[in-house]
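# Observations on the model geometry
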Amino acid sequence: MIELTRLEGVVSEAAVLVAVLLDDQPVCGAPLEELAGLAKTAGARVVGQLAQRRRAPDATAYIGKGKVEELKFLVEDAGADVVLFDNDLSPGQTRNLEKTLGVKVLDRTELILDIFAGRARTYEARLAVELAQLEYSLPRLKRMWTHLSRQKKGIGLRGPGEKQLESDRRLVERRIHDLRTEVKTIHRRRQREVATRGDLMTVSLVGYTNAGKSTLLNALTGADVLTQDALFSTLDTRTRRWQLPGWGPVLLSDTVGFIRNLPHHLIASFQATLEEARQAHLLLHVADASNPAVLEQISAAYKVLEEIGLQAKDTLLVLNKIDALADRARLQGLLSRYPNAVPTAARSGTGFGPLAAAVSEALSRSFVDVDVELGADNGRLMAYLAAHGEVLSKQFRDSRVVVHCRIPQKHLGRIHGDECVIRRRANGADAESGELTAIEEA
């Protein structure tokens, strides 16, 4: 595999941060604050910052000629080892900047990929990161490979020969093909694993990185998932049982955090990891209410959900870390903007009661309240109703029994025939919806 420059653990590397703000992009608080957090997570020391507002990126170096000279002086004066851009650079722009500055230049995507490489712990996550790295690196081989001399000629290799770069490119393409095949296999296996949990409702935690998803998972389920004040502390999906008050057990999953301009290579590579969110009955979108850029982070998270095809999922917004808010009026402003949001503080346990009630209500929307009339000797159907729904009452009438239960809509289709009748309860009135009887074999 091609290893990108690893920053993690190399605390001696000094970094200069650069951001180009295009005219059509809004400024979200301090323009380099998030990049500084990424640099810190990667193990670099920030020794300088430079920002420029432009109508469009410069084709040669992304920043203008004057800013290049200013950046060169800043790098030399600060003794920087690397320049980190908050933008995505082309291979040519990166090459030109490195030639002028005399130090490594990494763009935003390369930095995030490097962090992911350091955070990946499971086999699945490491495969996803390697695939994303290789797909990103393939068009940049000229910058990463310096041994471009032609191979020696020999028997079977007569002729002009071929560049080492071309040989390396074929090796990389072959590795990408193998990784894609393996990732697809893992994805299919994960789909089957998630599908087998049909008897329990599933809730998935999503949201911007470092919003407190893992802390919330630990507090609600008693899990011991790693939590730390750092970006992308969780890459692997973790699922725990949550005893939801007033409802019963549900499965709660923590997923990889989102970030604005999340590299598309990562989105594609982490399809298997995001399968938990894709199959969940409810998404809990956790946002850091104490972050000055929380509105932009919420918007970025929704954009990522749209990119992975989850924008239509039933979603409940959770405004976390309210205990870190010094200005309570700011919380009221967020609640007026998002009236259905639930304020919480995962570390102190604040708001867990309203959160549980809101989750129960949201999950109930996929259930129907019905009366099922069937023969008293139809034990298999009564067992099915008890296993897949909540039996609220039973009324026996001679050889018949009326079972009042709440059951997921999808399970009603598993009952059919002419021996029993199902009636939906709507506003206290019964409305006959069809005739149902013996259950199909699963």
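Not measured: the values here are computed from a predicted model.

### Focus: the overall build of the protein chain
Helix and strand counts for the protein chain come out as 15 helices and 15 strands. Within the span of the protein chain, comprising 442 residues, buried residues form 50% of the whole. Long-range pairs, those at least 24 residues apart, make up 67% of the contacts in the protein chain between residues at least 6 apart in sequence. Of the roughly 21300 Å² that the protein chain leaves accessible, carbon and sulfur atoms contribute 49%.

### What about the confidence of the model for the protein chain?
Overall, the prediction assigns the protein chain a mean pLDDT of 79, with 79% of residues at 70 or greater. For the protein chain, per-element mean pLDDT is lowest for strand β15 (residues 429-436), which scores 41, and highest for strand β10 (residues 342-343), which scores 95. Here residues 1-11 scores under 50 on pLDDT; set against residues more than four positions off or in separate chains, the count is 42 contacts. Predicted confidence for residues 145-161 stays below pLDDT 50, and this span has 16 contacts to residues more than four positions away or in other chains.

### Observations regarding the sheet that holds strand β7 (residues 248-254)
Strands sit in the order β6-β7-β5-β8-β9-β10 across an open sheet of 6 strands; the sheet is mixed. In this open sheet, the two edge strands, each paired with only one partner strand, are β6 (238-244) and β10. Note: strand β9 (residues 315-320) against β10, 2 bridges, orientation parallel. Looking across to β10, one finds that Val318 is bridged to Val342.

Conventions we followed
- Residues numbered from 1 in each chain as written.
- Predicted model: local features only at pLDDT ≥ 70, side-chain atom pairs only at ≥ 80, totals over all residues.
- Heavy atoms only, no water.
- Helix = DSSP H or I, 4+ residues; strand = E, 2+ residues; numbered from the N terminus.
- Buried < 20%, exposed > 50% of the residue type's maximum accessible area, 1.4 Å probe, protein only.
- Contact = heavy atoms within 4.5 Å.
- Areas by Shrake-Rupley, 256 points an atom, 1.4 Å probe, with all protein chains shown as cover.
- pLDDT = per-residue confidence, 0-100.
- Pairing = 2+ DSSP bridges.

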